[in-house]
Amino acid sequence: MNTKTIGFIGGGNMATSLMRGLIASGHSPQQIWVSDTVPETLQAHADQLHVNIAADNANIVNEADVVVLAVKPQTLRDVCLQIAPQLKQKNVLVVSIAAGISQQSLALWLGANTAIVRCMPNTPALVQTGATALHANPQVNDEQKDLAENILRAVGLTLWFGDEAQLDAVTAVSGSGPAYFFLLMEAMERAALELGLDEHSARLLIQQTALGAAKIALESAESPAQLRARVTSPGGTTQQAVETFLQHGFVDLVAKALHAARDRSIEMSKQLGAD
Ligand SMILES: NC(=O)C1=CN([C@@H]2O[C@H](COP(=O)(O)OP(=O)(O)OC[C@H]3O[C@@H](n4cnc5c(N)ncnc54)[C@H](OP(=O)(O)O)[C@@H]3O)[C@@H](O)[C@H]2O)C=CC1
Ligand SMILES: O=C(O)[C@@H]1CCC=N1
């Protein structure tokens, strides 16, 4: 298990998922620090997760071996400029989880010599089923690569990408991806109520079906299309539903949505970054 001290700047949704996942996988809360601008958020983390809290980001850099930047992309520049002088005094690995903020921007704000791993996790890290893509700048040594990977692997699957540009696509696929499945679940739940099921039964059936479908997809050697065919009896109910999806442009709609997310990631790097 990782014995390094991990400091989170920003204690919101994603940092909470990562902290909970790390603790659940055996990382000591005493070796986790978190800062945030909202005192109530910090107090909740101290009470519920028993991690160390700091109102000041400087404390995080002082205490941590790895600093995880977990603020919104819009706030990241200010945070980086704030901690940059301190980072120059201390050899700390910086891990940024911000969508759409490039290595180039991070290096400009933090200092060209800073070892930076840019990554794109997702919220299922909360239940140790996350998927994280990572990209290291040339300043990151092998030990630091292992360190970043160990932190993110504690909360799920990790994949390194040599080409940073692919992180925009990853953001559209797996970073935002949980929301697409939740949207489908929401829509199915609404339709199930219309069909006369009660809310409790509908939700349970949909949750278990999503879990089962994901498990089969992970454990089977067959493609999603082959697995779909196994559910679809000729002339049966699934065929009616799938044809309805396809006739109404479901496949194109999904492609459009993912392109829009990818494009937004690129746009954010121009609007909010130094690219
Ligand atoms: N949510 C997700 O599914 C994913 C998010 N990400 C990335 O993770 C990052 C965080 O996202 P998310 O957790 O959803 O965002 P949140 O808004 O939930 O969390 C960010 C937290 O940082 C706090 N904060 C703001 N300014 C500072 C500061 N100067 N110092 C310390 N803390 C500060 C915010 O407070 P306040 O609310 O007052 O601003 C907030 O509590 C983003 O960059 C996002 O792109 C990546 C993958 C998935
Ligand atoms: O919506 C967002 O911008 C962030 C990045 C991926 C998931 N949430």
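Residues numbered from 1 in each chain as written. Chains lettered and ligands numbered in written order. Predicted model: local features only at pLDDT ≥ 70, side-chain atom pairs only at ≥ 80, totals over all residues.

As recorded in an unreviewed UniProt entry, the protein goes by the name Pyrroline-5-carboxylate reductase, listed as coming from Methylomonas koyamae. The Subcellular location (unreviewed entry) comment attached to the protein in UniProt states, word for word, "Cytoplasm". Per UniProt, the comment on the protein under Function (unreviewed entry) is "Catalyzes the reduction of 1-pyrroline-5-carboxylate (PCA) to L-proline." (UniProt positions renumbered as here; feature names shortened; annotations may be inferred.)

Asker: Can you help me understand the UniProt feature "binding site: NADPH" (unreviewed entry) in the protein in this one?
Answerer: What UniProt calls "binding site: NADPH" (unreviewed entry) maps, in this numbering, to Asn-57. In this structure, Asn-57 sits in helix 3 (residues 57–63). Residue classification places Asn-57 among the buried residues on the basis of 21 C-beta atoms within 10 Å. Residue contacts for Asn-57: discarding those within four places in its chain leaves Ile-9, Ser-35, Val-79, Gln-82 and Ile-83. (Helix = DSSP H or I, 4+ residues; strand = E, 2+ residues; numbered from the N terminus. Buried ≥ 20, exposed ≤ 12 C-beta atoms within 10 Å, placed from the backbone. Contact = placed C-beta atoms within 7 Å.)

Asker: What exactly am I supposed to notice about the site of ligand 2 here?
Answerer: Neighbouring ligand 2 are Ala-99, Thr-171, Gly-175 and Ser-176. Each residue belonging to the shell around ligand 2 can be placed in one class, and the counts come to one nonpolar, three polar and no charged. (Near = placed C-beta within 6 Å. Nonpolar A, V, L, I, M, F, W, Y, C, P; charged D, E, K, R; others polar.)

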